[in-house]
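Working through the structure, step by step
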Amino acid sequence: MAQADKTVTIMADEEIIKTDLLIVGAGPAGAGLACFLAAHGRKGIVIAAAPGTADTPRAHITNMAGLECLRDIGLEQEAMAVATPRNNMEHTRWCHSMAGEEYARMYSWGHDPKFKGAYETASPCHHVDLPQTLLEPILTRRAINRGWTVRFNTKFLSLERPSPDVIISTVQDTLLNKTYRIQSRFLFGCDGARSQVVRELGLPLDKKPGQGLALNVLVRADLTHLMANRTGNLHWVIRPDDETYPPWGWGVVVRMVRPWTEWMFIFLPAPGADLRADDMDATDEEYITRVKQMIGDDKIKVDLLHVGKWWINEIVAEKYSDGNVFCLGDAVHRHPPFNGLGSNTCIQDAFNLAWKIDYVLAGKASPSLLDSYTLERQPVGRDVITRANQGMRDHFPWQALIGMLETDPAKRRAIFAEFNDPGPAGRAKRQEFQKAIENTETEFHGLGVEMNQIYVSDAVYLEDQGPGPERPEDKIRTHQVTTYPGRRLPHVWLNTRTPGKKFSTIDLAGHGRFCLLTGPGGEQWKEAARVATEKLGVEVVAYSIGWRQDYEDVYFDWARKREVEEDGCVLVRPDRFIAWRSKGLVDDAAGRLEAVLRKVLGL
């Protein structure tokens, strides 16, 4: 159990284990944070109450912003190797059953021709379907291989803080029923929606009324023969003509887990159902019967794998940290899975925080840098829970139009029958239904909410920048490309003068370093980066992009997107967000860059 290096000391005496870094939770936030810290050479302990990594698929959409974080530490290809390719995510469908009639379909996750270009130019990565059951082992394996100790079956109980830099956590080994303590300098609460760390801290939570209950029924059923002309990873099954339905199984979203043999049937209870009543439970046979009705083919064998309930929340913590205790992921933002933002936001929380923790531990930054974590990530979390819940509410209009919200079976059938009327009444009904379906588009094409995070904190230098660009009118779907400080570094494909394999601007940045990008005439900025590295002990790599420079702007996209002159510069933080930019060359470039870095790092 003993490990020692310059970063972490793990040693057991009579009652206590000591480490600089203790992470509670081994999901996408916790295991992701361990991986990102490991990329900086940091080691520590991860504990998790669960017996192992996720045993059900849960979160599954992995978007470009999430994959860019994994790309930074060399895990993108490993993730892509086990993910379901994006072509299987082509549509979201509305149908009477998986085998039966279809009422509507919508291109999803960048497949719509009118959005495809925006997706392809936003990032070198692209959306994939990567369930938690496959993602978490990748993350935990990397963390362990890089020196982290991961202890499952270990429950966090409480914490005490005898001094600002000492946190004593009491934990329980639930296999041995043994309680012991871990002393750390930093504690990270990544322990999910029922976070004990958040409760211990008493972090204030902004709670909106809950949106009800959902029931996940995971099954194995081979639907391969049905999917050739029904490609998609989400399928709404609507049956307003059903005479009866179980109170727990009024509606369902059928989600592909593995094409095309494993599925999650996400059942929604009937409107007005008593969600705490006994009839919200069912036998395995009843679940299978309802699943078969939704499939619409009795000949298909269905094996029930797992059943679980979850409450649909709209909750965000008002702050994410207290002293040296930081909370990430579902511990501080809880929402339904609409827009596929869950695990991606968890991973980005961790990516934002990891480099700051490393810089503070290494003495490269003041502890005040850590104040930027809440300031930058809490507004993102608030936007995410708002968008995800609105994405769910966007489905209510079509449900009402087609009769799903009517409790009387005869009235439901009458409403549904109106769609067949060839006259004015039917025409109006069909047009309204089309508009209602189109109203859900922001769930499946939310490129703006995925990529447009805006950071405002002392870790972003704005003093000489003037007002930022106006937000796009459609901020959910529209990706705003800008180098204004606090925004994501734009992706541009680059190459060398003698062409080789193309690579992205984001591959130049990141990797635990600051990165300065300039162009012809900007040699003084490169020298300034060298001086800053030597003087501050903070690595700043510098590259020149353009005609006969370090790298060629072969498509002229950097020239279009950089928003500075050729001899200006763009300074990028280790998390690939813009720290500062200069429109052109300035007198005393070295002094200016040093002043900016000192401000950003709190030195």
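Residues numbered from 1 in each chain as written. Predicted model: local features only at pLDDT ≥ 70, side-chain atom pairs only at ≥ 80, totals over all residues. Heavy atoms only, no water.

**Some words on the packing of aromatic side chains**
Defined as follows: The pairing test for Phe, Tyr and Trp rings, Trp by its six-membered ring, is centres within 6.5 Å, and the orientation test on the planes gives stacked under 30 degrees, edge-to-face over 60, and tilted for anything in between. Going along the chain from the N terminus, every DSSP run of H or I of four or more residues is numbered as a helix, and every run of E of two or more is numbered as a strand. Throughout this description, buried means an accessible area under 20% of the type-specific maximum (1.4 Å probe, protein chains only), exposed means over 50%, and partly exposed covers the range between. A positively charged side chain is recorded as over a ring if its NZ (Lys) or CZ (Arg) lies within 6 Å of the ring centre. The angle to the ring normal must also be within 35 degrees.
Under the counting rule described, the total for this entry stands at 24 aromatic pairs. A centroid spacing of 5.8 Å and a plane angle of 55° characterise the contact between tyrosine 320 and tyrosine 373, whose relative ring orientation is tilted. Residue tyrosine 320 is located in the loop between strand E21 (315-317) and strand E22 (321-322), and its partner tyrosine 373 is located in helix H10 (residues 372-393); the two are separated by 53 residues in the primary sequence. Per residue, the accessibility class of tyrosine 320 equals that of tyrosine 373, and both read buried. Considering the side-chain rings of phenylalanine 503 and tyrosine 551, the 4.9 Å spacing of their centres and the 80° angle between planes classify their relative orientation as edge-to-face. Taken together, the residues phenylalanine 503 in strand E26 (residues 503-504) and tyrosine 551 in the loop between strand E28 (540-544) and helix H18 (557-561) connect sequence positions 48 residues apart. Through a chain of ring-to-ring contacts, three or more aromatic side chains come together here, namely Trp94, Trp109, Trp236, Trp398 and Phe444. Its end group placed over the ring of tryptophan 547, arginine 497 keeps NZ or CZ at 4.3 Å from the ring centre.

**As for the sheet that holds strand E4 (residues 21-24)**
Backbone hydrogen bonds hold the strands of a sheet together, and the pairing may be parallel or antiparallel. We apply this condition: In short, DSSP must find at least two bridges between two strands for them to pair. A contact between two residues is defined here by any heavy atoms of the two lying within 4.5 Å. Comment: axis = line fitted to C-alpha atoms, over the contacting stretch for helices; angle = value between 0 and 180 degrees taken between N-to-C directions.
Read across the open sheet, the 6 strands follow the order E10-E5-E4-E14-E23-E22; overall the sheet is mixed. Where the open sheet ends on each side, the last strands, each with one partner, are strand E10 (149-151) and E22. Summarising the sheet, E4 and strand E5 (residues 45-47) pair through 3 bridges and their orientation is parallel. Bridged to leucine 22 within E5 is isoleucine 45. Contacting E4, E5 and strand E14 (186-189), helix H1 (residues 28-39) runs over the sheet at an angle of about 155° to E4.

**Topic: the packing of helix H17 (residues 523-536) against helix H19 (residues 589-601)**
Where we set the bar: Angle categories are assigned with fixed cut-offs, so that under 35 degrees is roughly parallel, over 145 is roughly antiparallel, 65 to 115 is roughly perpendicular, and the rest are oblique. The crossing is said to be left-handed when, going from far helix to near helix, the turn is anticlockwise and less than a right angle, and right-handed when the turn is clockwise. Ten residue types, Ala, Val, Leu, Ile, Met, Phe, Trp, Tyr, Cys and Pro, are classed as nonpolar, four, Asp, Glu, Lys and Arg, as charged, and the remainder, Gly among them, as polar.
For the pair H17 and H19, interaxial distance at closest approach is 8 Å and the crossing angle is 50°. In terms of their interaxial angle, H17 and H19 are classed as oblique. Seen from above, H17 lies across H19 with right-handed handedness. For the pair H17 and H19, contact is made by Gln524, Trp525, Ala528, Ala529, Val531, Ala532, Lys535 and Leu536 and by Ala589, Ala590, Leu593, Glu594, Leu597 and Arg598, respectively. Among the residues making up the contact of H17 with H19, the classes are represented as 10 nonpolar, 1 polar and 3 charged.

**A short note on the nonpolar core**
Basically, it comes down to this: To form a nonpolar core, buried Ala, Val, Leu, Ile, Met, Phe, Trp, Tyr and Cys residues must be joined to one another through side-chain atoms within 4.5 Å.
Core analysis: the biggest nonpolar cluster contains 102 residues, and Phe188, Ile357, Phe514 and Leu571 have the highest contact counts within it. Looking at which element gives the most residues to this core, the answer is helix H9 (residues 342-361), with 11 residues. Ranked by size, the runner-up nonpolar core spans 32 residues in total, among them Met106, Leu218, Leu234 and Trp398.

**What to know about unusual backbone geometry**
Cis geometry is found at the peptide bond from proline 259 to tryptophan 260, where omega equals -15°. If you trace the backbone, tryptophan 260 turns up in the loop between strand E18 (251-258) and strand E19 (262-268). Unlike most non-glycine residues, asparagine 153 shows phi in positive territory, near 55°. Along the chain, asparagine 153 turns up in the loop between E10 and strand E11 (154-163). Positioned with a positive phi, asparagine 339 is a non-glycine residue whose angle comes to about 75°. Assignment of secondary structure puts asparagine 339 in the loop between strand E24 (333-334) and H9. Judged by its relative accessible area of 1%, asparagine 339 is buried.

**Describing the sheet that holds strand E30 (residues 578-582)**
Here 4 strands make up an open sheet; going across it, the order is E28-E27-E29-E30 and the pairing mixed. The open sheet has two edge strands with one neighbour each: E28 and E30. On average, each strand axis in the sheet is inclined to that of its neighbour by 15°, with strand direction left out of account. Where strand E29 (residues 569-572) meets E30, 4 bridges bridge the pair, whose relative direction is antiparallel. Note that in E30 the partner of leucine 571 across the bridge is tryptophan 580.

**Let's talk about the pairing of strand E7 (residues 91-95)**
Among the 5 residues that make up E7, 5 are buried, leaving the element largely enclosed by the rest of the structure. Alternating residues of E7 divide into His91, Arg93 and Cys95 and Thr92 and Trp94, and every residue in both groups is buried. Two elements, E7 and strand E8 (residues 102-107), share 5 bridges in a ladder whose sense is antiparallel. Within E8, the residue paired with histidine 91 across the bridge is tyrosine 107. Taken together, E7 and the strand that follows it, E8, pair antiparallel across an intervening segment of 6 residues. Bridging between E7 and strand E17 (residues 234-237) involves 4 bridges; their strand directions are parallel. Residue pairing across strands places tryptophan 94 opposite tryptophan 236, the latter belonging to E17.

**Remarks on the pattern of salt bridges**
Two side chains of opposite charge can pair, provided their charged atoms sit close to one another. Definition in use: Any Lys or Arg side-chain nitrogen found within 4 Å of a carboxyl oxygen on Asp or Glu counts as a salt bridge.
Counted under the stated rule, the structure contains 37 salt bridges. A salt bridge links arginine 497 to glutamate 552; the shortest N-O distance between them is 3.2 Å. On the criterion of sequence distance, the pair formed by arginine 497 in the loop between strand E25 (493-494) and E26 and glutamate 552 in the loop between E28 and H18 is long-range, its members being 55 residues apart. Among the ionic pairs, aspartate 575 bridges to arginine 573, the shortest N-O distance being 2.7 Å.

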